[in-house]
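Structural characterization, general
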Amino acid sequence: MILYATKQTIKELNIPMPEELSTFNRILATNVINEQKNDRLLEGGLKLFYFDNRKCIQAMNFASKLIVFIFDIDEEQIAYIGDAIARYLLDIYENDKEMKRKLEKLFKYYPICTFSKLEDKSIISSLNRNQLYFAEDGYRFYEYIENGILKTREINKKANWDNILSIKINGKVEYIYPAEYLKKLLVERIND
C-alpha cells in the first residue's frame, strides 16, 4: 500500500521518501509504488494535524474515503503506521466477520506500506475538509474524552459509519458512508 503524505506531514514527522532509504528498502519501496500506483484501493493520503498540542495523523483511503485518525504520534512510530491503520480497520468492522476476513486477505496480499509525496489535489481537499468539518480542526475530539482517556475507537467508527461524504463514481457525484463503500469495494475485489 502507498501512503502519500502532505509536505507538512513529511517534514514534521521526518518521513523518509523512497530515494532516502537504504538500497534494499529503496528497491522494495519503488517496486510497491510501481505495482500499486493508480490502484486507488491501495492508496491513501496522510495529513498531520494537532490535537491537545500532540501530533496526530488523518489517513484516508483514495477509493472509499475511509478515514482513520491516529493520535499522539511521533517520528519513531511512523514505521508502524500501516499496522495502526490495519488495527483500526479491523476495529471499525469488529462485528462484520465477512469484512474482517476480506481485510485480512487484503493485508496478506499487500503486506508492505511505503510512503510518497501527496500530489492529488482532490485528496488534499478531502483531507482538509475532513479536518475542518468532521474533526472541527481537532476541537471535536474533546467530546470523546472520558475519565481522561480519548476514545479513539469510537472516533474512527463515527467518522466512517455516521459521516456522509461525496465521491465521484463514473463522473457522477454520489454520497456514501465510507465504511459501507469500502466494504462494497472489497467484496468486488477479493473473492473468498
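Residues numbered from 1 in each chain as written. Predicted model: local features only at pLDDT ≥ 70, side-chain atom pairs only at ≥ 80, totals over all residues. Heavy atoms only, no water.

Details of the pairing of strand β4 (residues 67–70)
In β4, alternate side chains face the same way, and those of Ile67 and Phe69 on one face and Val68 and Ile70 on the other are all buried. Pairing geometry for strand β3 (residues 54–61) and β4, over four bridges, is antiparallel. Bridge pairing links Met60 to Ile67 in β4. (Buried < 20%, exposed > 50% of the residue type's maximum accessible area, 1.4 Å probe, protein only. Helix = DSSP H or I, 4+ residues; strand = E, 2+ residues; numbered from the N terminus. Pairing = 2+ DSSP bridges.)

A few points about the packing of aromatic side chains
Given two aromatic rings, their pairing is described by the distance between the two centres and the angle made by the two planes. Counting across every chain of the model gives 13 aromatic pairs. On the basis of an interplanar angle of 20 degrees and a centroid distance of 5.4 Å, the ring pair of Tyr4 and Phe62 is categorised as stacked. Residue Tyr4 is located in strand β1 (residues 2–5), and its partner Phe62 is located in the loop between β3 and β4; the two are separated by 58 residues in the primary sequence. One aromatic cluster is present, formed by Phe49, Phe51, Phe69, Phe71, Phe134, Phe141 and Tyr142 through successive ring pairs. (Phe/Tyr/Trp six-rings, centres within 6.5 Å; stacked < 30°, edge-to-face > 60°.)

Quick word on the sheet that holds β3
The sheet built from five strands is open, its strands ordered β4-β3-β2-β1-β5 with mixed pairing. Edge positions in the sheet fall to β4 and β5 (114–117), since each has one partner strand and no second. Adjacent strand axes in the sheet meet at a mean angle of 30 degrees when their direction is disregarded. Across the sheet, helix α2 (residues 23–36) lies against β1, β2 (43–51) and β5, angled at about 70 degrees from β5, the strand it touches most. (Axes fitted to C-alpha atoms, helices over the stretch in contact; angles between N-to-C directions. Contact = heavy atoms within 4.5 Å.)

What about the pattern of salt bridges?
For the coordinates displayed, the defined rule picks out 15 salt bridges. Across the salt bridge formed by Arg40 and Asp120, the nearest N and O atoms sit 3.1 Å from each other. Remark: Asp120 occurs in the loop between β5 and α5 (121–134) and Arg40 occurs in the loop between α2 and β2; sequence separation between them is 80 residues. We classify Arg40 as partly exposed; its relative accessible area is 33%. Here Asp120 falls in the partly exposed class, since its relative accessible area comes to 23%. In this structure, the salt-bridge partner of Arg87 is Asp83, at a minimum N-O distance of 2.8 Å. Here Asp83 and Arg87 lie together in helix α3 (residues 81–92), a separation of four residues that amounts to about one turn. (Salt bridge = Lys/Arg side-chain N within 4 Å of Asp/Glu carboxyl O.)

Points about a nonpolar patch on the surface
On the surface, a cluster of nonpolar side chains totalling about 330 Å² of accessible area is made up of Tyr139, Tyr142 and Ile145. Within the secondary structure, Ile145 sits in strand β6 (residues 145–146). We classify Ile145 as partly exposed; its relative accessible area is 37%. (Patch = residues over 30% accessible without salt bridge, like charges linked within 9 Å, V, L, I, M, F, W, Y side chains within 5 Å. Areas by Shrake-Rupley, 256 points an atom, 1.4 Å probe, with all protein chains shown as cover.)

Here we look at helix α4 (residues 97–109)
With 13 residues, α4 should cover 18 Å at 1.5 Å per step; its first-to-last C-alpha distance of 18 Å lies within 8% of that length. Those residues of α4 not exposed but buried are Met99, Lys102, Leu103 and Leu106. Projected down its long axis, α4 carries its buried residues within an arc of 100 degrees, all on one side. Those residues of α4 that are exposed and angled more than 90 degrees off the buried face are Lys97 and Lys108. Packed against the buried residues of α4 are α3 and α7 (178–189). The N-cap of α4, judged by a side-chain oxygen 3.3 Å from the amide nitrogen of Glu98 a few residues on, is Asp96. (Expected span 1.5 Å × (residues − 1). Arc of directions from axis to C-beta. Polar contact = N/O pair within 3.5 Å; in protein donor to acceptor, adjacent residues only side chain to side chain.)

All we've got here are geometric facts, nothing functional implied.
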